[in-house]
Amino acid sequence: MAKSKQRYRNIYFFLLFLLISVPFLAAQEIPTAGFIDGTNGYIGFLPGNMPLVISIPHGGYLMPDEIPERPCVNCSKNQDIFTLEIGMGIRDAIFRQTGHYPYVIINNLHRTRLDPNRNISEASDGNKNAELVWHQFQNCIDSACSEVESKFGKGLYIDLHGHRHLIKRTELGYLLSNEELQLEDELLDLDSFVEFSSIKSLVDNNLNRLSFSQLIRGKDSFGSLFEAKGYPTVPSRGIPFPDSGEPYFSGGYNTTRHGSSQGGTIDGIQIELDEELRRDMSKRDKLVADLACTMVEFLKIHYFPDADFLGEMAPGNKQP
Ligand SMILES: [Zn+2]
């Protein structure tokens, strides 16, 4: 009897040990186990092990009482519907393709409560709880980018959004306006424009010595790689710039803060997916796989041609 009790006790302690230690041990090797959430789960941080950081600021659903609706009148409070699901899908798709995970930072609060793609005063409108969450969100991106910089030397940051513009196309923001993008390549390639762009570091140091204009709308630009999979995208080879007066998001607070316009070797691109694309469940899996593939291709072509963390050569890069 006593022996049996002892055995059960041993099993109990063994299970307890597993319960406590496995997540910790696993977190050392497999970043999926390391989901860290901030105050009340408002922020989600999934560590990665490749030089790609993805943030999802406007896909959250939570509307807790402790953080009331932002009182601002002219601020945007629209949720970027399904960007959270799409972003998490991209993470899994990249793992399936490469065996490695990008870093992912999620704001789970609804945009009526917090807008983490704004400076702190506009983001939280003076609410102290919201300010705390804003800091957690930004700090998670900061630490992910610092880790990428120290481990890989350079990398890519994506701020994932959704727009509701009437023109159904994907918009990529590099901190350039419609009018700037309308300039001829020779003018756009001048330092005065490159200097303020969110991929400044890549222009200074890319494997194929491509110019700025080639990197944003040439054959191997992110826009053209995505467009080749069936998605109209601006800027790209097909749509090199938005016309004057056409709706277009050029990149916001996060792309400015975490891209390379202000220094460092992490480049930033704001991705804005149109609403129809985000809502179409019949095409969701393909969309997620194509976005994942485009991110990996872009990293492979311009940053890390032979890196094992990017897996086999992506299909889109096999063409001559
Ligand atoms: Zn957004």
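Criteria and thresholds
- Residues numbered from 1 in each chain as written.
- Predicted model: local features only at pLDDT ≥ 70, side-chain atom pairs only at ≥ 80, totals over all residues.
- Helix = DSSP H or I, 4+ residues; strand = E, 2+ residues; numbered from the N terminus.
- Buried ≥ 20, exposed ≤ 12 C-beta atoms within 10 Å, placed from the backbone.
- Contact = placed C-beta atoms within 7 Å.
- Pairing = 2+ DSSP bridges.
- Core = buried A, V, L, I, M, F, W, Y, C linked by C-beta atoms within 7 Å.
- Expected span 1.5 Å × (residues − 1).
- Axes fitted to C-alpha atoms, helices over the stretch in contact; angles between N-to-C directions.
- Parallel < 35°, antiparallel > 145°, perpendicular 65-115°, else oblique.
- Left-handed = near helix turned anticlockwise from the far one by under 90°.
- Nonpolar A, V, L, I, M, F, W, Y, C, P; charged D, E, K, R; others polar.
- pLDDT = per-residue confidence, 0-100.

Here the focus is the overall build of the chain. Looking only at helices and strands, one finds 13 helices and eight strands in the chain. Sorting the 320 residues of the chain into buried and exposed places 46% on the buried side. Long-range pairs, those at least 24 residues apart, make up 70% of the contacts in the chain between residues at least 6 apart in sequence.

Geometrically, the link from Val-234 to Pro-235 is a cis peptide bond, its omega value of -5° lying close to zero. Residues other than glycine seldom take positive phi values, yet Phe-82 does so here, at roughly 70°. Positionally, Phe-82 belongs in the loop between strand E3 (52-56) and helix H2 (83-98). A tally of 20 C-beta atoms within 10 Å means that Phe-82 is categorised as buried. If you check the backbone angles, Asp-125 has positive phi at about 50° while not being a glycine. Its place among the elements puts Asp-125 in the loop between helix H3 (120-124) and helix H4 (128-152).

Right, let's talk about the environment of Gly-89 for a bit. Along the polypeptide, Gly-89 turns up in helix H2. Counting along the chain gives 200 residues from Gly-89 to Ala-289, while the straight-line C-alpha distance between them is 8.1 Å.

Once that is clear, we can look at the pairing of strand E5 (residues 155-163). Along E5, nine of the nine residues are buried, which leaves the element largely enclosed by surrounding structure. On E5, burial covers both faces: Gly-155, Tyr-157, Asp-159, His-161 and His-163 on one face and Leu-156, Ile-158, Leu-160 and Gly-162 on the other are all buried. Judged from the four bridges that link them, E3 and E5 form a sheet pairing that is parallel. Each bridged residue has a counterpart across the sheet, and for Ser-55 the counterpart in E5 is Asp-159. Here E5 pairs with strand E8 (residues 266-274) via nine bridges, running parallel. Paired with Asp-159 across the two strands is Gln-270, which belongs to E8.

Membership of the largest hydrophobic core comes to 76 residues, with the highest contact counts inside it found for Val-53, Ile-105, Ala-292 and Met-295. The dominant element in this core, judged by the number of residues it contributes, is helix H13 (residues 284-302), at 10 residues. Setting aside anything within four residues of it in sequence, one finds Met-295 in contact with Leu-52, Ile-94 and Ile-158.

Glancing now at H4. Between the first and last C-alpha of H4 there are 36 Å, a value that for 25 residues agrees with the 36 Å anticipated at 1.5 Å per step. Regarding H4, the residues found buried are Ala-130, Val-133, Trp-134, Phe-137, Gln-138, Cys-140, Ile-141, Ala-144, Cys-145 and Val-148. Where H4 terminates, the next one or two residues include Gly-153, which has phi positive at roughly 85°.

Neither face of strand E6 (residues 170-173) is left uncovered, since the one carrying Thr-170 and Leu-172 and the one carrying Glu-171 and Gly-173 both have all their residues buried. When E6 meets E8, the two strands line up antiparallel, connected through three bridges. Paired with Glu-171 across the strands is Glu-272, a residue of E8.

To continue, consider the environment of Glu-171. With respect to the helices and strands, the residue Glu-171 is situated in strand E6. Taking the C-alpha atoms as reference, Glu-171 lies 9.4 Å from Gly-251; in sequence the two are 80 residues apart. Apart from the residues within four sequence positions on either side, Glu-171 is in contact with His-163, Val-234, Tyr-248, Phe-249 and Glu-272.

Our focus in this paragraph is the packing of H2 against H13. Viewed as axis vectors pointing N to C, H2 and H13 meet at an angle of 60°, and their least axial separation amounts to 8 Å. For the element pair H2 / H13, the angle class is oblique. Like other packed secondary-structure pairs, H2 and H13 cross with a definite hand, here right-handed. Residues Ile-86, Gly-89, Ile-90, Ala-93, Ile-94, Gln-97 and Thr-98 of H2 touch H13, and the partners they reach there are Leu-287, Val-288, Ala-289, Leu-291, Ala-292, Cys-293, Met-295 and Val-296. Its residues assigned to classes, the contact of H2 with H13 comprises 12 nonpolar, three polar and no charged.

When the terminal C-alpha atoms of H2 are compared, their 22 Å separation across 16 residues agrees well with the 22 Å that a helix rising 1.5 Å per residue should span. Among the residues of H2, those classed as buried are Thr-83, Leu-84, Ile-86, Gly-87, Ile-90, Arg-91, Ala-93, Ile-94, Phe-95 and Thr-98. Its buried side turned inward, H2 meets strand E2 (43-46), E3, strand E4 (103-107), E5, helix H12 (275-279) and H13. Gly-99 occupies a position one or two residues after H2 and carries a positive phi of about 80°.

Turning our attention to the confidence of the model for the chain. On average, the chain scores 88 in pLDDT, and the residues at 70 or more come to 85%. Here residues 10-34 scores under 50 on pLDDT; set against residues more than four positions off or in separate chains, the count is 11 contacts. The low-confidence segment residues 313-320 (pLDDT under 50) makes 12 contacts with residues lying over four places distant or belonging to another chain.

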